[in-house]
Amino acid sequence: MMVKLVPVRVLLLLLVLWATGSDAQIDVCGRAPLNSKTDSRIVGGQDASEGAWPWQASLEIRNGLCGGSLINNQWVLSAAHCFTSTSTSGVSIYLGRHNRQNPLSSNELRLGASRIIVHEDYDSKSSDNDIALVQLDSTVDFTDYIQPVCLAAEGSAFPDGLDCWVTGWGTIQTGVSLPAPETLQEVDIPIVSNSRCASSYNTLTDNMVCAGLSAGGKDSCQGDSGGPLVTKNGSVWVQAGIVSFGRGCAEPDFPGVYARVSQYQSWINNQISTNQPGFINFQGSTGAATFVSMSLPLLLSVPPAVFSFFVLS
């Protein structure tokens, strides 16, 4: 009997087709049709254009405000410190939002939460494992204004100086609220290596990534917590971090600290069993990204694959 071997290229193609057929998010994540950002720089923060960051979520948690990022059609990624409990009562999530004070627009959705998962090893003293997931009470349809972001896969590298963007509706400096109509703000900041960042924070761990300017002036602030720190690879946006903590807002020599998303691929996939988020192996600005989100347990027998914040009281 003759056995015909399947060429590797054919096998890889079948894997990709199988994955997209099983609701993998890799074919839709990280696309922002209304975002024209390139490598240009801005000073401080500025108003974002409507639809520029379609994964941005606004979380109103009882009387507190946090950010988040849409990662598939029913889950939002945020920070553990945003939640004093996992009760879904009084939690509203806005997607497609541009101005907080304007009436709900035709591009915007307001949803409730059906489940909140805070990382079981979150340490409120050191802010280690500052990550949480919020399940929406209904699925959403993607539009130009509502899209999931891709997530950095395990082993991703974000080198010192890499340009990133952070977004949110938080205060524009310590104690100064975002003025009406509270338009989504965006600011670009460079990655600060953990070796350099450790000189500012003695609680830094490998689960964290830092970003900011040595001179200060550009950062994230109260109300931005839980929001995304993203960078671009070609036409795809990848979330590197989650706004976590820092000293003051945009102070010199104290960059913002973010939960390092790539450390939590397994944790996220263990919580989201179907329609898993799209993960990208990002290797700085020198190499092409590698798409990896496909969940292949049956086929391959492997696991499914400006601001500093203030804790809400």
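Structure: above.
These figures come from a predicted structure and were not determined experimentally. (Residues numbered from 1 in each chain as written. Predicted model: local features only at pLDDT ≥ 70, side-chain atom pairs only at ≥ 80, totals over all residues. Heavy atoms only, no water.)

S.K.: Tell me what's going on with the overall build of the protein chain, and back it up with residues and numbers.
M.R.: A count of helical and extended segments in the protein chain gives four helices and 16 strands. For the protein chain, buried positions account for 55% of its 313 residues. (Helix = DSSP H or I, 4+ residues; strand = E, 2+ residues; numbered from the N terminus. Buried < 20%, exposed > 50% of the residue type's maximum accessible area, 1.4 Å probe, protein only.)

S.K.: Break down the packing of aromatic side chains for me, citing the residues and quoting the values.
M.R.: If you walk through the whole model with that rule in mind, you get seven aromatic pairs. Arranged with centres 5.0 Å apart and planes meeting at 75°, the rings of Trp 53 and Trp 237 form a pair that is edge-to-face. Of this pair, Trp 53 sits in the loop between strand E1 (46-47) and strand E2 (56-61) while Trp 237 sits in strand E13 (residues 236-245); the two residues are 184 residues apart in sequence, bridging distant segments of the chain. For the pair Trp 53 and Trp 237, one class covers both residues: buried. Ring centres 6.5 Å apart and planes at 50° place the aromatic pair Trp 55 and Trp 237 in the tilted group. Here Trp 55, found in the loop between E1 and E2, pairs with Trp 237, found in strand E13; they are 182 residues apart in sequence, far enough to count as distant. Here Trp 55 matches Trp 237 in class, with each residue buried. (Phe/Tyr/Trp six-rings, centres within 6.5 Å; stacked < 30°, edge-to-face > 60°.)

S.K.: Account for the side chain of Ser 262, naming residues and giving values.
M.R.: Following the sequence through the fold, Ser 262 ends up in the loop between strand E14 (256-260) and helix H3 (265-271). When near neighbours in sequence (up to four residues on either side) are disregarded, Ser 262 contacts Ala 152, Ala 153, Glu 154 and Ser 156. (Contact = heavy atoms within 4.5 Å.)

S.K.: Go over the state of the cysteines, please, and point to the residues and values.
M.R.: Under the definition given, this model contains three disulfides. Between the sulfur atoms of Cys 29 and its disulfide mate Cys 150 the distance is 1.9 Å. Looking along the S-S bond of the Cys 29-Cys 150 disulfide, the torsion reads about 85°, which is the right-handed sense. In this pair, Cys 29 is assigned in the loop between helix H1 (8-21) and E1 and Cys 150 in strand E8 (residues 150-152), connecting sequence segments 121 residues apart. Taken as a pair, Cys 29 and Cys 150 share a single burial class, namely buried. Residue pairing for Cys 197: its cysteine sulfur links by disulfide to Cys 210, the two sulfurs lying 2.1 Å apart. Its S-S torsion of about -80° marks the bond between Cys 197 and Cys 210 as left-handed, since a negative value means left-handed. Residue Cys 197 is found in helix H2 (residues 194-197), and its partner Cys 210 is found in strand E11 (residues 208-211); the two are separated by 13 residues along the sequence. When sorted by exposure, Cys 197 lands in the same class as Cys 210, which is buried. (Disulfide = S-S within 2.5 Å.)

S.K.: Please provide a residue-by-residue account of the pairing of strand E12 (residues 228-233), values included.
M.R.: Within a regular strand, side chains alternate between the sheet's two faces. With five of its six residues buried, E12 lies for the most part within the structure. Bridge count between strand E9 (residues 163-168) and E12: two bridges; the pairing is antiparallel. Across the sheet, residue Trp 165 finds its bridge partner in E12, namely Val 230. Of the pairings in the sheet, the one linking E12 to E13 comprises six bridges and is antiparallel in character. Note that in E13 the partner of Leu 229 across the bridge is Gly 241. Between E12 and E13, which follow one another and run antiparallel, lie two residues, and Gly 234 among them has a positive phi close to 65°. (Pairing = 2+ DSSP bridges.)

S.K.: Describe the pairing of E9, listing the residues and the values that go with them.
M.R.: Of all the six residues making up E9, six are buried; the element is thus mostly covered by neighbouring parts of the structure. Of the strand pairs in this sheet, E9 and strand E10 (residues 185-192) are connected by six bridges, and their pairing is antiparallel. If you follow Gly 168 over to E10, its bridge partner there is Gln 185.

S.K.: Help me get a handle on the sheet that holds strand E4 (residues 75-78), residues and values and all.
M.R.: Within the closed barrel, the six strands sit side by side as E2-E3-E4-E7-E6-E5. Their pairing is antiparallel. Here the strands of the sheet are splayed against their neighbours by 40° on average, with no regard to which way each runs. Examined bridge by bridge, strand E3 (residues 64-70) and E4 share two bridges and lie antiparallel to one another. Residue pairing for E4: Leu 70 is matched across the bridge by Val 76. (Axes fitted to C-alpha atoms, helices over the stretch in contact; angles between N-to-C directions.)

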